[in-house]
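Reading the structure
Spelled out from the first residue to the last, the chains are:
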Amino acid sequence: MKHLTRYIILLFSLWVSSVSAQYYDDVQCEDTCSHIHGIDLSHYQGNVFWETIGEHTNMAYVYLKATEGGDRIDATFERNIEMARLHGLKVGSYHFYRPKTEQKKQLENFRSQCIPAEQDLLPMIDIETTGGLSTDEFCDSLFAFLELVEEAYQQKPLLYTFRNFYNRHLLGKLDDYKLMIAMYTQEEPVLADERDITMWQYTGKGRIVGINGFVDKSRFMGDHILREIRFRH
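Residues numbered from 1 in each chain as written. Predicted model: local features only at pLDDT ≥ 70, side-chain atom pairs only at ≥ 80, totals over all residues. Heavy atoms only, no water.

Unusually for a residue other than glycine, Gln154 sits at a positive phi of about 60°. When you line up the elements, Gln154 lands in the loop between helix 6 (135–153) and strand 6 (158–162). Classification of Gln154 by relative accessible area gives exposed; the value is 59%. With a phi angle near 60°, Glu194 is a residue other than glycine that sits in the positive phi range. Checked against the element boundaries, Glu194 lands in the loop between strand 7 (179–182) and strand 8 (199–208). (Helix = DSSP H or I, 4+ residues; strand = E, 2+ residues; numbered from the N terminus. Buried < 20%, exposed > 50% of the residue type's maximum accessible area, 1.4 Å probe, protein only.)

Right, here's the structure in full:
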């Protein structure tokens, strides 16, 4: 009987530890700080309950995947941008850049979805792959595209990339651009050239009421504020 009692106590202790761990996992950055937070979404999040997000979230903005490469359009973009604006979030659109795809074709694809009148925030370019090109070839491709984007929207886009990717391929080459840097650790990201970071995507496994599964969450760094990335109409 004594052994059974000890076993029950052990099981109860393990259950309490599990519940406590789950609780602390659910207490995320936006619950404990005063920074401005947001999310980014694509078809991977499936059907989003925007009514719930609008009423029960600390998120101030959302970046929505619009396009990828020369011909891919995110299946959820049209509904998401309409519903996000309807429920009070500031909205921006992003394009996943494919270095080997012709730049003008990618711009045309992005412009077909990223309509200036529907944007609250700067267009964002998602830069995650060299496509097998050398760093020099990749940078030539990327900067040709960024020039087209700036000309089309009359403002420099926000650039998204991972810290290690930046340090390896883009170090010292993006001084004129605002950056959202992805790094999924508790410590704030610092780039090898120590240049300023506007926004930090701090998790790829965030949870939010109204979205099933994981979601990417980001926040502004330091004294940076939402106004800095407003779309200029």
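A word on the packing of helix 6 against helix 7 (residues 163–170). One can describe the packing of helix 6 onto helix 7 by two numbers: an axis separation of 10 Å at closest approach and a directional angle of 105°. By the criterion of interaxial angle, the relationship of helix 6 to helix 7 is roughly perpendicular. On helix 7, the residues touching Thr135, Phe138, Cys139 and Leu142 of helix 6 are Phe165, Arg168, His169 and Leu170. A per-class count over the contact of helix 6 with helix 7 returns 5 nonpolar, 2 polar and 1 charged. (Axes fitted to C-alpha atoms, helices over the stretch in contact; angles between N-to-C directions. Parallel < 35°, antiparallel > 145°, perpendicular 65-115°, else oblique. Contact = heavy atoms within 4.5 Å. Nonpolar A, V, L, I, M, F, W, Y, C, P; charged D, E, K, R; others polar.)

Bringing the packing of aromatic side chains into the picture now. Applying the stated rule across the entire model yields 8 aromatic pairs. Both rings, one in Phe162 and one in Tyr184, keep their centres 6.0 Å apart while their planes meet at 75°; by these two values the pair is edge-to-face. Here Tyr184 lies in the loop between strand 7 and strand 8 and Phe162 lies in strand 6, a separation of 22 residues in the sequence. Judged by its relative accessible area of 29%, Phe162 is partly exposed. For the pair Trp200 and Tyr202, a centre-to-centre distance of 5.9 Å together with 65° between the ring planes defines the contact as edge-to-face. In this structure Trp200 comes out as buried when scored by relative accessible area, which is 4%. By relative accessible area, which is 9% here, Tyr202 ends up buried. Three or more aromatic residues joined by ring pairs make a cluster, and in this case those are Phe110, Tyr153 and Phe231. Between Lys156 and the ring centre of Tyr177, over which it is positioned, the NZ or CZ distance is 4.7 Å. (Phe/Tyr/Trp six-rings, centres within 6.5 Å; stacked < 30°, edge-to-face > 60°. Lys NZ or Arg CZ within 6 Å of the ring centre and 35° of its normal.)

Next up on the list: the nonpolar core. Core analysis: the biggest nonpolar cluster contains 46 residues, and Leu41, Trp50, Val62, Ile125 and Leu170 have the highest contact counts within it. If you tally residues by element for this core, the top one is helix 6, at 7 residues. The residues contacting Val62, other than those within four sequence positions of it, are Ile39, Leu41, Trp50, Ala84, Leu89, Lys90, Val91, Gly92 and Leu121. Membership of the second largest hydrophobic core comes to 14 residues, among which are Tyr63, Leu121, Tyr160 and Ile229. (Core = buried A, V, L, I, M, F, W, Y, C linked by side-chain atoms within 4.5 Å.)

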